[in-house]
Amino acid sequence: QVHLVESGGGLVQPGGSLRFSCTASGFIFSRYAMSWYRQAPGKERELVARITTDGGSTNYQESVKGRFTISRDNVKNTVYLQMNSLKPEDTAVYYCNAAWAVYVYWGQGTQVTVSS
C-alpha cells in the first residue's frame, strides 16, 4: 500500500523558516519524480517545486525561487522542502506528490500559516 507521510508544517512568522519532509513507502521511490504542491484557500493547487529521480535537476515556481529548496534522499525514501524567508502569501496546504508514467500519488497535506 502506498503512503506519502508529510511532516513539518505549522505556524511561522514572516521571514521565518520551515522544513517539510515527505517519507514514502509502498513503491519504488527512486523511480519517481517528486514534487511539492500547495493550495491556498479559494485557489487552485499549484506546483511549488519538483526534483528529478536522481536529484540532479530541480525546478521552482517563480515566486519561491531563491527562498525554497527541494531535495531528496533515495536511501531514506524522503523528499524535503526547505522554506526560508516565508511570506504571508506562502500560507497554504502543502502536498507531497510522486509521479512516474501513469502513476501519481499524493500525500495528505500539511498546513503552513505565515502570520505575525
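For the structure itself, look to the data block above.
All of these numbers come straight from a predicted model, not from anything done at the bench.

Parameters and conventions
- Residues numbered from 1 in each chain as written.
- Predicted model: local features only at pLDDT ≥ 70, side-chain atom pairs only at ≥ 80, totals over all residues.
- Heavy atoms only, no water.
- Helix = DSSP H or I, 4+ residues; strand = E, 2+ residues; numbered from the N terminus.
- Buried < 20%, exposed > 50% of the residue type's maximum accessible area, 1.4 Å probe, protein only.
- Polar contact = N/O pair within 3.5 Å; in protein donor to acceptor, adjacent residues only side chain to side chain.
- Contact = heavy atoms within 4.5 Å.
- Salt bridge = Lys/Arg side-chain N within 4 Å of Asp/Glu carboxyl O.
- Pairing = 2+ DSSP bridges.

K.L.:
Explain the side chain of D90 to me, please; I cannot follow it from the model alone.
P.N.:
Along the chain, the position of D90 falls in the loop between β8 (78–83) and β9 (92–100). Residue D90 is classed as buried on the basis of its relative accessible area, which comes to 1%. Only 2.7 Å separates the side chain of D90 from the side chain of R67, close enough to count as a polar contact. Non-local contacts of D90, meaning those with residues more than four positions away in its chain, are made with R38, R67, F68, S85, V112 and V114.

K.L.:
Sorry if this is basic, but what is going on with the pattern of salt bridges here?
P.N.:
Any two side chains of opposite charge can pair, on the condition that their charged atoms come close. All chains considered together, the criterion is met by four salt bridges. Measuring nitrogen to oxygen at the nearest pair gives 2.8 Å for the salt bridge that ties R38 to E46. When its relative accessible area of 5% is taken as the criterion, R38 is described as buried. With its nearest N and O atoms 3.1 Å apart, the salt bridge here joins E62 to K65.

K.L.:
Teacher, can you tell me more about the pairing of strand β7 (residues 68–73) here?
P.N.:
Where a strand is regular, its side chains alternate between the two sheet faces. Of the two faces of β7, the one lined by F68, I70 and R72 is fully buried and the one lined by T69, S71 and D73 carries no buried residue. Bridge count for β7 against β8 is six bridges, and the pairing is antiparallel. From the neighbouring strand, F68 faces β8, where its bridge partner is M83. Taking the residues between adjacent antiparallel strands as the criterion, β7 and β8 are bridged by four residues, where N77 takes a positive phi near 55 degrees.

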